[in-house]
Amino acid sequence: MDNKEALAALAERCGACENCSLCKTRTNVVFGRGGENAKLLFIGEAPGENEDKTGLPFVGAAGKLLDKYLDYAEIGEDEYYIANILKCRPPHNRDPLPEEEDACMPFLREQLSILKPKIIVCLGRISAMRIIDPEFRITKQHGVWFENNGVKIMAVYHPAALLRDPRKKEEMLLDFKKIREEMKSL
Ligand code: URA
């Protein structure tokens, strides 16, 4: 089975998931999108309203802003895959509950074992706390490379945080410059 088939099979299982109560309020499961052979994986937090409606991650305002940084870093559509910690939208976009993350993480772990990315970029604090360190401090540690089993991992600000505080945009550009350099070195 190639990556495309493996991801499609996993997406089908994920689409039928009832492992937490978010299955009762979701419109669509938001599994992930992007290049099935991508070496770069972005991990966000959870779907918002537009993602819940469309079934695709990062298609709302935060996603549009993220697209600008991807353009800046010259990262093409097939060069990255994007998914979230939670595959279903929490009502009113509240933070994910620990039990929801626990219920959903096996899907992300399976996505990781299929994709085997060389670079992981966590979008925002919630993702960084789950993937890098429960004590992660996004204001201090964004843009810093970590390494785990030969995989380079970095967290950047969540694009929605930039919409709230545009002063962070300069730091985001610097972080994406580092991502571009790492991609070029692969
Ligand atoms: N914010 C996220 O963390 N994920 C999405 O898919 C959309 C907005």
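It should be emphasised that the depicted structure is a prediction, and the values quoted were computed from it without experimental measurement.

1. Observations regarding the layout of surface pockets
In step 1: By volume, the largest pocket is sized at about 650 Å³.
In step 2: Lining of the largest pocket is provided by 28 residues; of these, Glu 45, His 158, Ala 160, Ala 161 and Arg 164 occupy positions nearest its centre.
In step 3: Mapped onto the lining of the largest pocket, the elements with two or more residues apiece are helix H2 (49–54), helix H3 (61–72), helix H5 (125–131), helix H6 (138–141) and helix H7 (159–164).
In step 4: Each residue belonging to the lining of the largest pocket can be placed in one class, and the counts come to 12 nonpolar, 8 polar and 8 charged.
In step 5: Of the volumes computed, that of the second largest pocket is approximately 190 Å³.
In step 6: Taken together, Met 105, Arg 109, Leu 112, Lys 116, Pro 117, Ile 120, Arg 130, Ile 131, Asn 148, Asn 149, Val 151 and Ile 153 make up the full set of residues lining the second largest pocket.
In step 7: Broken down by secondary-structure element, the contributors of at least two residues to the lining of the second largest pocket are helix H4 (98–115), H5 and strand E6 (151–156).
In step 8: Here the residues of the lining of the second largest pocket sort into 7 nonpolar, 2 polar and 3 charged.

2. Structural notes on helix H1 (residues 3–15)
In step 1: In a regular helix each residue adds 1.5 Å, so 13 residues correspond to 18 Å; H1 covers 18 Å between its end C-alpha atoms and thus fits that length.
In step 2: If you check which residues of H1 are buried, you get Ala 6, Leu 7, Leu 10 and Cys 14. All buried residues of H1 lie within an arc of 95 degrees about the axis, which places them on one face of the element. For H1, the exposed residues set more than 90 degrees away from the buried face come down to Lys 4 and Glu 12.
In step 3: Next to the buried residues of H1 lie strand E3 (80–84) and H4.

3. Comments concerning unusual backbone geometry
In step 1: If you check the backbone angles, His 92 has positive phi at about 55 degrees while not being a glycine.
In step 2: Residue His 92 is classed as exposed on the basis of its relative accessible area, which comes to 74%.
In step 3: Residue Lys 116 is not a glycine yet carries a positive backbone phi of 45 degrees.
In step 4: With a relative accessible area of 59%, Lys 116 lands in the exposed category.

4. So, the site of the ligand
In step 1: Around the ligand, the structure places Gly 44, Glu 45, Ala 46, Glu 51, Pro 57, Phe 58, Asn 84 and His 158.
In step 2: In the model, a nitrogen atom of the ligand is placed 2.8 Å from a nitrogen or oxygen of the Asn 84 side chain.
In step 3: At 2.9 Å from an oxygen atom of the ligand is found a side-chain nitrogen or oxygen belonging to His 158.
In step 4: Relative to its unbound accessible area of 230 Å², the ligand is 91% covered by the protein chains.
In step 5: With respect to the detected pockets, the ligand is housed in the largest pocket.
In step 6: Among the residues making up the shell around the ligand, the classes are represented as 3 nonpolar, 3 polar and 2 charged.

5. Re the environment of Gln 141
In step 1: Within the secondary structure layout, Gln 141 lies in helix H6.
In step 2: You can call Gln 141 partly exposed: its relative accessible area is 22%.
In step 3: Sequence-wise, Gln 141 and Asp 2 are 139 residues apart; in three dimensions their C-alpha atoms are separated by 36 Å.
In step 4: Beyond its immediate chain neighbours, meaning those up to four positions away, Gln 141 contacts Glu 135, Phe 136, Phe 146 and Ala 155.

Cut-offs and rules
Counting of residues starts from 1 at the beginning of each chain's written sequence and follows it residue by residue. Thresholds applied to this predicted model are a pLDDT of at least 70 for local features of residues and 80 or more for the giving and counting of side-chain atom pairs; totals over whole chains, interfaces and linings are not thresholded and use all residues. Hydrogens and water molecules were not included; the side-chain quantities draw on all heavy atoms of the structure. Two kinds of site are reported from a 1 Å grid over the protein atoms alone, namely cavities, where a 1.4 Å probe fits but cannot get out, and pockets, open sets with protein on both sides within 12 Å along at least five of seven lines, and residues are called lining when an atom falls within 4 Å of a point. Grid points are joined across faces, edges and corners, and a volume is the space filled by probe spheres set on the points. Segments assigned H or I by DSSP are reported as helices when at least four residues long, segments assigned E as strands when at least two residues long, and all are numbered from the N terminus. In this classification, the charged set is Asp, Glu, Lys and Arg, the nonpolar set is Ala, Val, Leu, Ile, Met, Phe, Trp, Tyr, Cys and Pro, and all remaining amino acids, among them Gly, are polar. What a helix is expected to span follows from its residue count: subtract one and scale by 1.5 Å. A 1.4 Å probe rolled over the protein chains alone gives each residue an accessible area, and that area as a share of the maximum for its type sets the label: buried under 20%, exposed over 50%, partly exposed in between. In this description, one arc is meant: the one made by directions from the helix axis to the C-beta atoms. Every residue pair with non-hydrogen atoms within 4.5 Å of one another is taken to be in contact. Proximity is defined per residue: any heavy atom of the residue falling within 4 Å of a molecule or strand makes that residue near it. Polar contacts here mean pairs of N or O atoms no more than 3.5 Å apart (in protein, one a potential hydrogen donor and the other a potential acceptor; neighbouring residues in sequence count only if both atoms are side-chain atoms). Reported accessibility uses the Shrake-Rupley method at a 1.4 Å probe radius. Residues are deemed covered only where the shown protein chains occlude them. A molecule is counted as occupying a cavity or pocket when more than half of its atoms fall within 2 Å of that pocket's grid points.

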